[in-house]
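# Fold and geometry: a report
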Amino acid sequence: MTLRYNPETCWPRSGRAFNHGVIAPDGHTLYMTGQVAWDATGEIVGKGDCAAQILKCFEGVETVLSCVGGRLEDIVSLTIYFTDPADLPVIQSARAEKFSPETSPASILIQVPGLVAPGLLVELVPIAVVPPHRFRSPEPPDD
């Protein structure tokens, strides 16, 4: 079982979806490539729209997780890169929609001057631990 905690002497979460500490359970650790708002053809989804882009990022995360029997609640750490501080409320809202306080990962937000391609506004880099009873090996790559 994943243990999430927030010492009283740490700064308050103020309703934001993260936990100060997360102790991962036994299981299979999954390190993911950063998920950005590209569709299956490599085109940007939601140009200029951070809300659309972060939802596409979470869709990618959920796809990678589901291939091995994982779920969003298996994420123990989430790094979010973003380009515009005005998008923070949108990012925090999307994170709060995807995680309850009980399942929130440890989290970091990092403002960057740009991402891998012009037009990308946000990138999610999660680490998950999938419990052994749900884990299944992914299908071999097509290439």
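Here we summarise the structure given alongside this text. All residue numbers refer to positions counted from 1 along the written sequence of the respective chain. Since the coordinates come from a predicted model, pLDDT governs what is reported: local features require at least 70, and pairs of side-chain atoms require 80 or more to be given and counted, while whole-chain, interface and lining totals use all residues. Neither water nor hydrogens contribute to the side-chain values; these are computed over all heavy atoms in the structure.

### Quick word on a nonpolar patch on the surface
- Together, L3, Y5 and I23 give the surface a local cluster of nonpolar side chains, amounting to about 280 Å² of exposed area.
- Exposure categories follow from relative accessible area, calculated using a 1.4 Å probe and restricted to protein chains: below 20% of the type maximum is buried, above 50% is exposed, and the middle band is partly exposed. By relative accessible area, I23 is classed as partly exposed at 44%. Exposure above 30% relative accessible area and the absence of a salt bridge qualify a residue for a patch, where like charges join within 9 Å and nonpolar side chains (Val, Leu, Ile, Met, Phe, Trp, Tyr) within 5 Å. Here the accessible surface of atoms and residues is derived via Shrake-Rupley with a 1.4 Å probe, and residues count as covered only by protein chains that are part of the display. Any Lys or Arg side-chain nitrogen found within 4 Å of a carboxyl oxygen on Asp or Glu counts as a salt bridge.

### Topic: the packing of helix α1 (residues 50-66) against helix α2 (residues 88-98)
- Contact geometry of α1 with α2 gives a least axis separation of 9 Å together with a crossing angle of 35 degrees. In terms of crossing hand, the pair formed by α1 and α2 is right-handed. In this structure, α1 uses C50, A51, I54, L55, F58 and E62 to contact α2, whose residues at the interface are V90, I91, A94, R95 and K98.
- The class makeup of the residues in the contact of α1 with α2 is eight nonpolar, no polar and three charged. Whenever a helix is involved, its axis is fitted only over the stretch in contact; in every case the axis is a line through C-alpha atoms, and angles between N-to-C directions fall within 0 to 180 degrees. Helix and strand assignments come from DSSP, with helices taken as H or I runs of at least 4 residues and strands as E runs of at least 2, each series counted from the N terminus. Note on convention: the crossing is left-handed when the near helix lies turned anticlockwise from the far helix by less than a right angle, right-handed when the turn is clockwise. Contacts: residue pairs with any heavy atoms within 4.5 Å of one another. For this scheme, ten residues count as nonpolar: Ala, Val, Leu, Ile, Met, Phe, Trp, Tyr, Cys and Pro. Four count as charged, namely Asp, Glu, Lys and Arg, and the remainder, Gly too, count as polar.

### Focus on the nonpolar core
- Take the buried residues of types Ala, Val, Leu, Ile, Met, Phe, Trp, Tyr and Cys, join any two whose side-chain atoms come within 4.5 Å, and each joined set is a nonpolar core. Grouped together as the largest cluster of nonpolar side chains are 23 residues, with contacts concentrated most on F58, L65, I75, V122 and L124.
- Elements with a minimum of two residues in this core: α1, β4 (75-82), α2 and β6 (122-130).
- When residues of this core are assigned to their parent elements, the largest contribution, six residues, is made by α1.
- Setting aside residues up to four positions removed in sequence, I75 forms contacts with R4, V61, L65, F99, T103, P105, P126, I127 and A128.
- If you look at the next biggest cluster of nonpolar residues, it comprises seven residues, including V36, I44, L115 and A117.

### Here we look at the environment of A117
- Relative to the assigned elements, A117 resides in the loop between β5 (106-111) and β6.
- A residue is classified by how much of its surface remains accessible, and A117, at 16% relative accessible area, is buried.
- Considered as a pair, A117 and I44 are 73 residues apart in the sequence and their alpha carbons are 9.1 Å apart.

### Describing the sheet that holds strand β3 (residues 28-31)
- In this analysis, strands are considered paired if DSSP registers two or more bridges between them. Read from one edge to the other, the open sheet built from four strands follows the order β3-β6-β4-β5, with strand pairing classed as mixed. Both outer strands of the open sheet, β3 and β5, are each paired with one neighbouring strand and no more. When the angles between neighbouring strand axes are averaged without regard to direction, this sheet yields 10 degrees.
- Relative to β5, β4 runs parallel, the two sharing six bridges. Counterpart to S77 in the pairing with β5 is A106.
- The sheet contacts of α1 involve β3, β4 and β6, and relative to β6 the element is tilted by about 25 degrees.

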